[in-house]
Amino acid sequence: MAGAMWETVIGLETHVQLQTRSKMFCGCSSAFGARPNTNVCPVCLGLPGALPTVNGQAIRLAVRAALALECRVHRRSVFARKNYFYPDLPKGYQISQYEEPLATDGGLTFSSADRGTVRATIVRLHVEEDAGKSLHDRMPRATAVDLNRSGVPLAEIVTGPDFRSPQEARAYLLALKEVLQYAGVSDCDLEKGSLRVDANVSVRRIGATELGTKTEVKNINSFAFVEKALGVERERQIAVLEAGGTIEQQTMLFDVKANAVRPQRTKEESKDYRYFPEPDLPPLVIPDAWLDQERAAIPELPAAKRERLVARYGLPAQDAGVVTQAPGVADYFEAVVAAGADPKPAANWVMGEALADANQHDGALRVAPATLAALIALIKGGAVSTQAAKRVFTVLAERGGDPQAVAESLGLVQVADTDALARWVNDVLAAHPAEVARYKGGEVKLLAFFVGQVMKTSKGKADPKLVPELLRQRLES
């Protein structure tokens, strides 16, 4: 296979919207979804004479992200003007950082299906303001511009060329999202544009040490599309090179509907942006005491939490990975265990019914931890079957209440009374004499049939752990 002769090299640039109430350099709201051009002022509109003021909370969150990604936070960094022309950039430049960024030299470990545990290099993390948004579907044959997003605070996180497949790029992004959410830096909501990804892609012959000519793939708004877009661009580059062509350094857009990439423009280099220090802002200086305070505020991060859940509760690594995908879910699991549930059943219920319900209700875990623990106790005690408990869970999520009372109201409490069970067993055996004869003739696999019939006759109330033994006693007597 020709493609097997090539190695893929990918680096990622991720723009993360910092979770602040106001913009990076003014007091306008950064909330998503407002009517176009309503969250604007002279500063974010770039009107003459308007001066920027740094949002302290944005710096705090960016520093927190840098510390969570094990970066070296520089005590002094410098804002710079990145000059380019685009309709949604009202000032004609973007305030960013270039030669002296906020943080450098970090890393993030993720799991690769091909290479095991891999550590991606975080080359730099810097703060900047977002541009506005061009809207191509509001007016016929015209482009509209919404400047509500202009000036929203971003952290740009740049990796080294450390990924060797589209799958690795996706795995890294999922790990990055977890870390940023745990650290309280961003909601990382791709649908709202809170996390956006640009990818630099090149290919080279297996064994080569020099990097190939790279392209930048933009317009990627989901982790699944990241993987698809990078796969498409990789195959395009290989096809061009194997046909004797050369790769042009350019920006490519991913077309989701066509599952294809198309060139947008020749890729700019840093010199094209004519960076120079922002004259309206002094250097950003971070005091040691303030940095120490932020370092102490970093919560337990996903990798450490996974290790602890495995060690403390004996969870399988896969279960710990699911439970820790979001900090609220991990906290919920531990609260269920603290309320008395055994860890493995608690994890099963959190990963199953609880998360399925949350996915349908904006992520809300609607059954209180103590209530779920009580429901799990009913199953352990034999009062309800697992299947019946799922019906109880649905009611608890919708209306609340006590699991025992809900189970009783639904008629789902299992009957363990020997006399009642014996009546149901006798009725089933009397109704199926042919099957009884076959069982006594050696078809012992029919026991499962009889168990099913007893459960049907009892409308699910018979204790399924006691029924098989009663059936054996009757059939073999």
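Coordinates for the structure precede this section.
Read on for an overview of the structure. What you see is a predicted model, and the numbers here were worked out from it, not measured in a lab.

**Looking at the packing of aromatic side chains**
Each aromatic ring pair is specified by the distance between its two centres and by the angle formed by the two planes.
Move 1: The full count for this structure, using the stated rule, is 12 aromatic pairs.
Move 2: Measuring from centroid to centroid gives 5.6 Å for F110 and F163, while their planes differ by 45 degrees, and the two rings are tilted. Of this pair, F110 sits in strand β6 (residues 103–112) while F163 is found in the loop between β10 (153–159) and α3 (166–182), placing the two residues 53 residues apart along the sequence.
Move 3: Aromatic pair Y439 and F450: ring centres 6.4 Å apart, planes at 70 degrees, arrangement edge-to-face. Residue Y439 is located in helix α14 (residues 433–440), and its partner F450 is located in helix α15 (residues 447–457); the two are separated by 11 residues in the primary sequence. Grouping residues by exposure puts Y439 and F450 together as buried.
Move 4: Members of the aromatic cluster, connected to one another through ring pairs, are Y84, Y98, Y273 and Y275.

**Some points on the sheet that holds strand β5 (residues 93–97)**
Move 1: Spatial strand order, β5-β4-β15: three strands in an open sheet with antiparallel pairing. Looking at strand neighbours, the two that pair on one side only are β5 and β15 (276–277), the edges of this open sheet.
Move 2: Two elements, strand β4 (residues 79–83) and β15, share two bridges in a ladder whose sense is antiparallel. Residue pairing in the sheet places A80 in a bridge with P277 of β15.

**Some words on the pairing of strand β11 (residues 195–205)**
Move 1: Most of β11 sits inside the fold, with nine of its 11 residues counted as buried.
Move 2: When strand β1 (residues 6–17) meets β11, the two strands line up antiparallel, connected through 11 bridges. Bridge pairing links I10 to V201 in β11.

**Side note on empty space enclosed by the protein**
Move 1: Per the counting criterion, the structure on display carries one cavity of 30 Å³ or more.
Move 2: Considering only enclosed or pocket space, the largest cavity measures out at about 40 Å³ in volume.
Move 3: Residue classes in the lining of the largest cavity are distributed as four nonpolar, two polar and three charged.

**Quick notes on the packing of helix α13 (residues 418–431) against helix α16 (residues 467–475)**
Move 1: Relative orientation of the contacting elements α13 and α16 amounts to 55 degrees, with a least axis distance of 10 Å. Between α13 and α16, the interaxial angle falls into the category oblique. Judged by the twist between their axes, the crossing of α13 over α16 is right-handed. Contacts between α13 and α16 involve L421, A422, V425, N426 and L429 on the former and, on the latter, V467, L470, L471, R474 and L475.
Move 2: By residue class, the composition of the contact of α13 with α16 is eight nonpolar, one polar and one charged.

**With respect to the side chain of K82**
Move 1: Along the chain, K82 turns up in strand β4.
Move 2: Buried and unpaired, K82 has no salt bridge, with E128 as the nearest side chain of opposite charge at 5.5 Å.
Move 3: Apart from residues lying up to four places away in sequence, K82 is in contact with Y93, Q94, Y273 and Y275.

**Some details on the state of the cysteines**
Here, the word disulfide means a covalent bond between the sulfur atoms of two cysteines.
Move 1: For the structure shown, the criterion picks out zero disulfides.
Move 2: Free of any disulfide, C28 has its nearest neighbouring cysteine sulfur in C41, separated by 3.4 Å.
Move 3: By relative accessible area, C28 is classed as buried at 10%.
Move 4: Looking at C44, it has no disulfide partner, and the nearest cysteine sulfur is the one in C28, 3.8 Å off.

**Considering α15**
Move 1: Every buried residue of α15 is listed here: L447, F450, V451, Q453, V454 and M455.
Move 2: Buried-residue contacts for α15 involve α13, α14 and α16.
Move 3: Note on α15: the residue one or two positions beyond its end, K459, has a positive phi of about 55 degrees.

Each value, and the rule that gives it
Residues numbered from 1 in each chain as written. Predicted model: local features only at pLDDT ≥ 70, side-chain atom pairs only at ≥ 80, totals over all residues. Heavy atoms only, no water. Phe/Tyr/Trp six-rings, centres within 6.5 Å; stacked < 30°, edge-to-face > 60°. Helix = DSSP H or I, 4+ residues; strand = E, 2+ residues; numbered from the N terminus. Buried < 20%, exposed > 50% of the residue type's maximum accessible area, 1.4 Å probe, protein only. Pairing = 2+ DSSP bridges. 1 Å grid on protein atoms, 1.4 Å probe; cavity = no way out; pocket = protein on both sides within 12 Å on 5 of 7 lines; lining within 4 Å. Points joined across faces, edges and corners; volume = space filled by probe spheres on them. Nonpolar A, V, L, I, M, F, W, Y, C, P; charged D, E, K, R; others polar. Axes fitted to C-alpha atoms, helices over the stretch in contact; angles between N-to-C directions. Parallel < 35°, antiparallel > 145°, perpendicular 65-115°, else oblique. Left-handed = near helix turned anticlockwise from the far one by under 90°. Contact = heavy atoms within 4.5 Å. Lys, Arg positive; Asp, Glu negative; His and termini not counted. Salt bridge = Lys/Arg side-chain N within 4 Å of Asp/Glu carboxyl O. Disulfide = S-S within 2.5 Å.

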